[in-house]
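The chain contents come next:
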Amino acid sequence: MVVAEQKDALAEKLKEVFGYTSFRGNQEIVIKNILSGRNTFVIMPTGAGKSLCYQLPALMRDGLAIVISPLIALMKNQVDQMNAYGVNARFLNSTLSKAEITRLRKDCLNGEVKLLYVAPESLNKEENIAFLKKVNVSFVAIDEAHCISEWGHDFRPEYRRIKSMIAQFGKLPVIALTATATPKVQLDIQKNLQMEEADVFVSSFNRKNLYYEVRPKKETKKQLIRFLKDHKGKSGIVYCLSRKKVEEVAQLLNVNGFKAAPYHAGLDADVRMKNQDDFLNEEVDIIVATIAFGMGIDKPDVRFVVHYDVPKSLEGYYQETGRAGRDGLEGHCLMFYSHNDLNKLEKFNKDKSVQERENARILLQEMEFYSESPVCRRRQLLHYFGEEYGQNNCESCDNCVHPRERFDGTEYVKIVLEAVKQTNERFGLNHLVNVIRGVEDEYIKSYGHFDLAVYGKGGSEEADFWKSVVRQALIYQYLEKDIDNIGVLRMSEKGKKFLVKPHPIELARDHDFTTAIDEEEESSERTGTSKSYDVKLFEMLKVLRRKVAKEKNLPPYVIFQDPSLEEMATTYPITKEDMASVNGVGMGKVNKFGKEFLELIQRYVEENEIETATEVVVKSSVNKSKTKIFIIQQIDRKIDLEEIAESRAISFDELLSEIENICYSGTKLNLDYYIDEVLDAEKQELIYDYFLNSETDSIEEALANEANEDFSEEELRLMRIKFLSEYAN
Ligand code: ADP
Ligand code: MG
């Protein structure tokens, strides 16, 4: 009866305070557990509703619940939310003034406060401990508990002192919560909090509605834009490693017509807040961010999460991708992978202690295996967090939807298991592979492993192949990780049985990402001299241009400039919009001249079965300098060109070059007000005629032509601008 009553009371409170009609997943059983005074350990994926597991019990108990949480920004957020529910929740951290602290203490001692959020740093202060000792504390919650473990991805040294701090308040029940804990991290947390006996509640980590995909990091910008076009108007997050990259990608997206805003710790707090709010309020669709963004963000309809750079750990990756599809609908998680990114990440660790470096390296290695593996992504992720995935095909990851070719792996797995067994289950992946391949290194010698029957059984297969087999044996649970000794692999029961009575096992080869190159290399490639465009198509476009020019009685360059044709021969535009976004083209030109070109490209693409990048025209934002915009504005206001040059502190010649550039990249400029001043109508007509009939728009040739002997270079250039603006744009 007591239980039933409690259940009703809980459900009532849930409805009354939070407005929810039912508990989710493990919430209820967890809440009852902490209410019964038991130490409780909760592992629940992001977004599943961990906060409620301590918020609700806090309201059911006398006194105040202490919530230890690592991020000050999150604290404020949660406190605001609770206050909005009419719950007296407060926080104690370094942002409070003396007066605020005094008031807070008074309220806590009066028993008015139900939830007190504290940063571990603040808890560490003598005076705060002394004061909290006097307060009636109901229990302690430790949110983001993975921060305790140095084996995880978010280690915070202050977290390791939590146990000794809270022990000073007497014997209180503790609830620790996290969204990411591998079995190793889980054990570490429990040991550190001395709550090995705690009741552990693990919710399934499977996020059925998320699609996982890894692609080689190659022409990443193009791929990204194509991907985003397929998700146009939807909410999403693009994670980048560095602030610089965040800025760069956000700008790239804006220039290409997406509503995107940057977010990183280097931005002013108010800009950061605004961008975050704009994203939450759907003023912008895409937030481009470092991992500083997202903890505690609760936007239900994030439709995609892109990792532009490889994340530092699978824990981080899983948490970040977990922000997609919280409402249960579609969520596409795309990661761009290159080995080079791993090298970069490894370099960041060079100043860390040996132990930290080693931990970070192991996390990176897991990242590498995950990315390159042919095994169902979901199975791998769940396995990583200690959960077995029951199905063979999840139908919602790249490896399941586009399975890699399989081969009979029975003999290979046998060899791997033999290697583990014969080395007494005391070694890790690299050594096992060395044994199998018959490598002669110091370890092999010192352990005498060349005497083993399995030594050198690996034949001609490469180390990478064998590593992959070991990994697959692990993921399919023929092997298991030794929790106490990081990196060490042991036989599982399933593995032992298999060795006695083998059955056929199918394996697949890893993805080959050796061709993935990252941006820097890409851009140096672009500036190289080799032709990156489709030469054949380019020649065909030129022929067509000549024909159209003849028909219209215009010089060819008026139709399209060479750089525009080169771009078309790179991006294969087949719609008007695509063609209009080619540099130097614009919709006006497309409508005037585009039809035949579009048809030609369409035919060409079909005949050659080209996988077009049509929808992807990566416009770079480099040329849109302030000077250009200034010039366009001044010309609109009909300011004398001399004056513009002067106010910009550039020569007249430089100004003309800028104007020409503007013109060539497709913007119309009306210089009549100025030209009419410096050239009479007759002269204008003569020069105009010349360009109309000339094969080229080269100024050198114009100067060399006797028709123009009375004209200066400047005059010719001015008229060329007029001409191009009127005809070409
Ligand atoms: P976590 O900390 O596990 O990432 P949160 O505690 O921030 O997740 O909760 C995520 C979202 O789920 C919040 O919007 C919260 O209000 C909502 N939520 C939690 N429990 C319930 C419930 N029982 N019914 C409906 N919504 C819930
Ligand atoms: Mg949370």
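These figures come from a predicted structure and were not determined experimentally.

The rules behind each value
- Think of each chain on its own: its residues are numbered from 1, step by step along the sequence as written.
- All chains are assigned letters beginning at A, and all ligands numbers beginning at 1, according to the order in which they are written.
- Per-residue local features of the predicted model are confined to residues with pLDDT of at least 70, and side-chain atom pairs are confined, for both listing and counting, to 80 or more; whole-chain, interface and lining totals are unaffected and use all residues.
- Side-chain descriptors were evaluated using all non-hydrogen atoms of the structure, hydrogens and water having been removed beforehand.
- Only buried residues count toward a nonpolar core, which is a set of Ala, Val, Leu, Ile, Met, Phe, Trp, Tyr and Cys residues joined through side-chain atoms within 4.5 Å.
- Burial status follows relative accessibility: with a 1.4 Å probe on protein chains alone, a residue under 20% of its type maximum counts as buried, one over 50% as exposed, and anything between as partly exposed.
- In what follows, a contact means two residues having at least one pair of non-hydrogen atoms within 4.5 Å.
- Proximity criterion: a residue is near a molecule or strand once any of its heavy atoms comes within 4 Å of it.
- Side-chain atoms alone can form a polar contact between residues adjacent in sequence; in general such a contact is a pair of N or O atoms within 3.5 Å, and within protein one must be able to donate a hydrogen while the other accepts it.
- All accessible-area figures derive from a Shrake-Rupley calculation using a 1.4 Å probe, and residue coverage is judged against the displayed protein chains alone.
- The pairing criterion for strands is at least two bridges between them, as found by DSSP.
- For helices the rule is a DSSP run of H or I covering at least 4 residues; for strands it is a run of E covering at least 2, with both sets numbered from the N terminus onward.
- To obtain each axis, a line is fitted to C-alpha atoms, and for helices this fit is confined to the stretch in contact; angles are then taken between N-to-C directions over 0 to 180 degrees.
- Angular relationships are summarised with four words: roughly parallel below 35 degrees, roughly antiparallel beyond 145, roughly perpendicular across 65 to 115, and oblique for the angles in between.
- By the definition used in this description, the sense in which the near helix is turned from the far one sets the handedness, with an anticlockwise turn below a right angle giving left-handed and a clockwise turn giving right-handed.
- A helix is expected to span 1.5 Å for every residue after the first.
- The angle separating two fitted axes, one through the seven residues that finish at a residue and one through the seven that start at it, defines the bend at that residue.
- Note that the domain bounds reflect an automated or database-derived domain assignment.

(A) Up close: the nonpolar core. Residues Leu 115, Tyr 117, Ile 142, Ile 175 and Leu 479 are the most contacted members of the largest nonpolar core, which totals 145 residues. Those residues in contact with Ile 142 that sit more than four places away from it in its chain are Ile 68, Tyr 159, Ile 162, Val 174, Ile 175, Ala 176, Leu 177 and Leu 193.

(B) Spotlight on the site of ligand 1. The environment of ligand 1 is made up of 14 residues, and the closest members are Tyr 20, Gly 47, Lys 50, Ser 51 and Asp 298. In the environment of ligand 1, an oxygen atom lies 2.5 Å from a nitrogen or oxygen atom belonging to the side chain of Ser 51. The fraction of the free accessible surface of ligand 1 (570 Å²) that becomes covered by protein chains is 77%.

(C) Region of interest: the sheet that holds strand β7 (residues 199-202). Strand order in the open sheet made by the seven strands is β3-β4-β2-β5-β6-β1-β7, with parallel pairing throughout. If you trace the sheet from one side to the other, it starts and ends with β3 (89-92) and β7, each paired once. Here the strands of the sheet are splayed against their neighbours by 20° on average, with no regard to which way each runs. Pairing of β3 with strand β4 (residues 115-118), which is carried by four bridges, proceeds in the parallel orientation. If you follow Ala 89 over to β4, its bridge partner there is Leu 115. The strands touched by helix α3 (residues 52-60) are β2 (64-68), β4, β5 (137-142) and β6 (174-178); relative to β4, the strand with the most contacts, the crossing angle is about 140°.

(D) Representation of the environment of Leu 96. In this structure, Leu 96 sits in the loop between β3 and α5 (98-109). Residues within four places of Leu 96 in sequence aside, it is in contact with Phe 91, Ile 101 and Leu 104.

(E) Highlighting the packing of helix α24 (residues 535-552) against helix α26 (residues 562-571). α26 packs onto α24 with a crossing angle of 135° between their chain directions and a minimal axis gap of 9 Å. The orientation of α24 with respect to α26, classified from their angle, is oblique. Here the hand of the crossing between α24 and α26 comes out right-handed. Across from Leu 537, Phe 538, Leu 541, Lys 542 and Arg 545 in α24, the residues of α26 making contact are Asp 562, Leu 565, Glu 566, Met 568 and Ala 569.

(F) Just the side chain of Asn 39, in detail. Structurally, Asn 39 is set in the loop between α2 (27-35) and β1 (40-43). Residue classification places Asn 39 among the buried positions, given a relative accessible area of 16%. Of the polar contacts made by the side chain of Asn 39, one reaches the backbone nitrogen of Val 174; its length is 2.9 Å. Reaching out from Asn 39, the side chain makes a polar contact with the side chain of Glu 197 at a distance of 3.2 Å. Every residue in contact with Asn 39, bar those within four places of it in the chain, is listed here: Asn 33, Leu 172, Pro 173, Val 174, Met 195, Glu 197, Ala 198 and Asp 199.

(G) Local environment of helix α28 (residues 586-607). With 22 residues, α28 extends just 27 Å between its outermost C-alpha atoms, more than 12% less than the 32 Å of an ideal straight helix rising 1.5 Å per residue. Along α28, the largest kink reaches about 80° and is centred on Gly 594. Listing the buried residues of α28 in full gives Lys 589, Val 590, Phe 593, Gly 594, Phe 597, Leu 598, Leu 600, Ile 601, Tyr 604 and Val 605. Residues of α28 that are buried make contact with α24, α25 (556-559), α26, α27 (576-580) and α35 (713-727). Taken from the residues just after α28, Glu 609 is the one with a positive phi, measuring 45°.

(H) How the structure looks around the domain arrangement of the protein chain. Looking at the protein chain, the domain boundaries give domain 1 (2-202), domain 2 (210-400), domain 3 (404-508), domain 4 (533-616) and domain 5 (626-727). Domain 1 and domain 5 are separated by 70 Å when their C-alpha centres are compared.

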